[in-house]
Structure formats: C-alpha cells, structure tokens
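# Structural overview for review
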Amino acid sequence: QRYGFNAACHIIAFSGDNPCSLAGLMCYEKNDICVSLGTSDTLFAVTEECRPQNEGHVLCSPIHRNAYMILLCYKNGSIA
C-alpha cells in the first residue's frame, strides 16, 4: 500500500540484469548455457549442484526451486 503497487504484484528476489537474462533467454533446463554480449560479456548456466569456484559466482536460480545459476562475467568484455 505504501508505494501504490497492485495487491497482486509479486516482488521477485534476485531480479538483476543477469538473473533476468537467464529467465528471458529461456535458460531453463539443467546444463543449459547462455551468453550475453554487452558492456560486460557474461556466460550463465543452470545446474543442480552448488560448487563455488574462484573464477565465477554461484547464485540461487531466480526461476527454479532446487537449482543454481552459474555466472562468469568479463568486465568490459565487448569493449576490449
């Protein structure tokens, strides 16, 4: 009520540009891989295993109950 949102409005956690790209590019199935080329070149994938590495990030998937989003991001990738 405070901000005038419709009562049926859902607040979605993890809704940043890369998690939204995961959903928008229909990266739904286990082992699907997507690439986003832009200011930063980004590779993301869906997995059922959480195995963090130093080279990237593992996030809770924004569209799955029991899966994770693997994210590799290269700053200024397409510019370089």
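In this report, we go over the structure that sits alongside the text. (Residues numbered from 1 in each chain as written. Predicted model: local features only at pLDDT ≥ 70, side-chain atom pairs only at ≥ 80, totals over all residues. Heavy atoms only, no water.)

Here strand S1 (residues 33–36) runs beside strand S2 (residues 41–47); their pairing, made up of 4 bridges, is antiparallel. Considered in S2, the bridge of Ile 33 is made with Ala 45. Between S1 and S2, which pair antiparallel in sequence order, lie 4 residues. (Pairing = 2+ DSSP bridges. Helix = DSSP H or I, 4+ residues; strand = E, 2+ residues; numbered from the N terminus.)

Along S2, 6 of the 7 residues are buried, which leaves the element largely enclosed by surrounding structure. As paired strands, S2 and strand S4 (residues 68–74) are joined by 7 bridges and run antiparallel to one another. Among the inter-strand pairings, Ala 45 is bridged to a residue of S4, identified as Ile 70. (Buried < 20%, exposed > 50% of the residue type's maximum accessible area, 1.4 Å probe, protein only.)

So, about helix H1 (residues 17–24). Listed in full, the buried residues belonging to H1 are Asn 18, Pro 19 and Leu 22. Mapping the buried residues of H1 onto a view down its axis gives an arc of 100°, with all of them on the same face. Facing away from the buried surface of H1 by more than 90 degrees, the exposed residues are Asp 17 and Gly 24. Packed against the buried residues of H1 are S2 and S4. (Arc of directions from axis to C-beta. Contact = heavy atoms within 4.5 Å.)

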